[in-house]
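Reading the structure
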Amino acid sequence: MGRKVTLATCSLNQWSLDFEGNLERILKSIEIAKTHGAKYRLGPELEICGYGCADHFYESDTLLHSFQVLRKLLESPVTQDIICDVGMPIMHHNVRYNCRVLFLNRKILLIRPKMLMANHGSYRELRWFSPWNQLRKTEEYFLPRMIQEVTGQDTVPFGDCVLSTKDTCIGTEICAELWNPRSPHIDMGLDGVEIFTNSSASHHELRKADQRVNLVRSATTKEVITATVDLEDVRSYRGELCQPLMESEHKPCHRVKVDFPLSTCDDFYLPTHQPIMWHFHTPEEEISLGPACWLWDYLRRSGQAGFLLPLSGGVDSSSTACLVHSMCVLLCQAVEDGNTQVLKDIRRVVGDDSYCPQQAKELCGRIFTTCYMASENSSEDTRNRAKELASQIGSSHMNINIDMAVKGILGIFSAVTGRWPQFHANGGSHRENLALQNVQARVRMVLAYLFAQLSLWASGRPGGLLVLGSANVDESLTGYFTKYDCSSADINPIGGISKTDLKGFLLYCAEQFQLSALRGILAAPPTAELEPLTDGQVSQTDEADMGMTYSELSVIGRLRKISKCGPFSMFCKLIHMWKEVLSPTEVAQKVKHFFWMYSVNRHKMTTVTPSYHAESYSPDDNRFDLRPFLYNTHWTWQFRCIDTQVSQMTANTSKQ
C-alpha cells in the first residue's frame, strides 16, 4: 500500500489588494508544487487578497474580488489533481472570518475559519474578523452563485473539521493558533490526524526564529517545508508515545472525506526527505537580510529609480547605507543564480533593458545616491568618514553645504522680528539654541526631498528617488530627533533596530563586505553636530544630550513595552538590575528623566516614518505602540511613589 506522501508549502510575495498579481503567484506556486510531485499545496494566510488589507477587509469589494480569484483558481487546469489550500476572507451568517479554503478538481472540500486570532503587537485581527469558537462543529456554507456555477455545489462544510483522504488525515491550523498553549493540533493529534499544516503571515523579528522553530518542532516532531514524508514513521511514533492519550475521552474531529490519495501504490523507490537542520542567523545577519529584502520590495513596487540618503558619517545613517549595499549584494547573487524576475525588476528600476549587474558596488552606483549636508557646525572628520564609506559601497555621493539656506531662513525671521537668535555657546538661551538646531535639521529634510526629486532629472535620467531615514528605535523612544528633519523620509529600514544592534551590524559589515571605513565610524562618539564646534572639534554628543547611554535606553525600552512597566514598576525592577552600578536615588533620576523625555516628545511618534519592524519594544505609533501623544509630563503621582520608595530605602539603609 502507499505510505509516502509529498507535500508542498510556500511563502509568496503577495501584495494587499493586488488580486491580479496574487492570482499569478498562487498559480505559479501550485505549478511548481506539482512539478515536484506534491499532491497537497499549502499557501500563506489570506494569500488571495493579501494579509495587510487592514480596513479594506470591511469593504464588500474585498470579499467579492477574493471569490472571483477563487473561481479563477477552480477553473484553472493548473489546480487539477492536487489538493489546494488557499487563504481568503469569507462572510458567513453576516460575520467575517479569516478562512482556509481546500479544493480539489473544481470541488470545494471544506472551509476552515480561524479559531484563535492574533490581536497583539502589530496585529489587529479582531478588528476585522471574528473567531470561530464552536469546537468540533461545522455548518453548511451556501456558496456564491459564481462558485456554484463552477463546482456544481450549493453548500460545503464550514467550521472546525479535518480532511480525510484515502490514505491519511490532514488537519489545518492558521498562524496564531500554533502560538497558543491550547493549539488545535493537540486535539487533532489525539484523534489520529497525521499531517498538520499551518498557514502563516507572521512577521520577522530579531531573535524570533528559535521560538518559531521550536513551536513547529513541538507540533510535528519533524520540521518540514517541502518534503516527501513516510506516513509509517508518523504512525510508529504515535503508536509508541501517544496511544494512552488517544484512549482518553475527547470530542472526535469532524472528518470531511475525499476520494483522493496523497500516496501511490508504487512509491517504494520514492526517497523521503530528512528533517531540516535549521540555520539560525545571528542578529547581525538577520539585520543584513531582512531589512535589505524589505528595501528592495518597496523600491520595485514603488516604481521609483532608487534611493537617496543623507549620509552624516555616523552609526545610524551608515547602517542604512550598509543595508542598501547588502541589498545590492543579494540582488547580484540572485542574478548570478539565474533569477530572471530579479533581473527584470533591476532593469526596470534602472531604466535599461540591457543592463546586467556584475558587482554590488556597480549596482549601488546606479540606484543609490548619498549626500553629506555640511554646515558651519560640521567637522572634517564626519565629512571624510561619509565620503570614504560612500566610495567603498559605490554610491553616487554629493557634498552639500546648507549654511546659505539656514542663513536665508534666519534672515527672514530677523527681518520680521528684528532679532537674531544665538547658540548657547554664544550667549543664547535654551530656546534659541534648540531652534537653531531645528532649523539646520529641517533644512536638510527639505534639501533631501529636492535632490530626490530632481537629481536624476539634472543628469538627464528618468524617475525619482525614495528618501531613506536613519533614526534608530532608541532615539525614537526618547524623541531625540527633530520633528520633520532627516528622520522624516519615505521609509526607514532601521527604525525598529536598537543602537546596540546597529553597532554590532556595522562590525559584521566591516568584516563581511570589507568596508574598512566603518571602523572609524564606530570609534567616533555619536553626535548630531548641530551646535558650534570647539577648536574645530565636536563638543556635542548624543548620550550627553539624552542624559543616558544607549545601552541603558535598550533596557528601559524593553521594560516599558515588553514588561509593560510604568514609572514606578520600572523603578522597582531597575533598582535590582542596576544595583551594582547605580544607587536607588540615581535609578530614580534616570527613570524620571526618561519618562519626562518620553512624554514631552511622544507627539513626534505621530509623524514617524514607516519603518521595518524588527524589535519588540518599538515605540512606533502607527500600528504597534498605541499611546496618548499629549501627556501631563510631570507624572506627579507616579514620581511621588518613586520618591516615597527611595526615602524608605534610604531610611532602612541608615538603620543598618
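Before going into details, it helps to say that this report is about the structure given with it. (Residues numbered from 1 in each chain as written. Predicted model: local features only at pLDDT ≥ 70, side-chain atom pairs only at ≥ 80, totals over all residues. Heavy atoms only, no water.)

On the basis of which strands lie adjacent, the open sheet formed by four strands has the order E15-E14-E13-E16 and parallel pairing. Single-partner strands in this sheet number two, and they are strand E15 (396-401) and strand E16 (466-467). Relative to E15, strand E14 (residues 368-374) runs parallel, the two being bridged by six bridges. The residue of E15 that forms the bridge with Thr370 is His397. (Pairing = 2+ DSSP bridges. Helix = DSSP H or I, 4+ residues; strand = E, 2+ residues; numbered from the N terminus.)

As a further point, take the packing of aromatic side chains. By the definition in use, this model includes 17 aromatic pairs. Ring centres of Tyr141 and Phe158 lie 5.6 Å apart, and the angle between their planes is 25°; this geometry places the pair in the stacked category. Placement of the pair is Tyr141 in strand E6 (residues 138-142) and Phe158 in strand E7 (residues 155-159), with a sequence separation of 17 residues. Taken as a pair, Tyr141 and Phe158 share a single burial class, namely buried. Between Trp294 and Tyr298, the aromatic rings sit 6.4 Å apart at their centres with planes inclined by 50°, giving tilted as the arrangement. Taken together, the positions of Trp294 and Tyr298, both in helix H9 (residues 283-302) and four residues apart, correspond to about one turn of that helix. Take Trp294: its relative accessible area is 22%, and that puts it in the partly exposed class. Here Tyr298 falls in the partly exposed class, since its relative accessible area comes to 36%. Through a chain of ring-to-ring contacts, three or more aromatic side chains come together here, namely Phe594, Phe595, Tyr598, Tyr631, Trp635 and Phe639. The side chain of Lys604 reaches across the aromatic face of Phe481, ending 5.4 Å from its centre. (Phe/Tyr/Trp six-rings, centres within 6.5 Å; stacked < 30°, edge-to-face > 60°. Buried < 20%, exposed > 50% of the residue type's maximum accessible area, 1.4 Å probe, protein only. Lys NZ or Arg CZ within 6 Å of the ring centre and 35° of its normal.)

On to the pairing of strand E1 (residues 4-9). Burial analysis of E1 places five of its six residues in the buried class, which makes it a mostly covered element. Alignment of E1 against strand E2 (residues 40-42), held across three bridges, turns out to be parallel. Looking at E2, one finds that Ala8 is bridged to Arg41. Crossover connection from E1 via helix H1 (residues 19-35) to parallel E2: handedness right-handed. (Right-handed = clockwise from strand over helix to strand, strands pointing away.)

With that settled, consider a nonpolar patch on the surface. A surface patch of nonpolar side chains, about 330 Å² in accessible area, is lined by Leu450, Leu454 and Trp457. In this fold, Leu454 is placed in helix H15 (residues 430-458). Note on Leu454: relative accessible area 38%, which makes it partly exposed. (Patch = residues over 30% accessible without salt bridge, like charges linked within 9 Å, V, L, I, M, F, W, Y side chains within 5 Å. Areas by Shrake-Rupley, 256 points an atom, 1.4 Å probe, with all protein chains shown as cover. Salt bridge = Lys/Arg side-chain N within 4 Å of Asp/Glu carboxyl O.)

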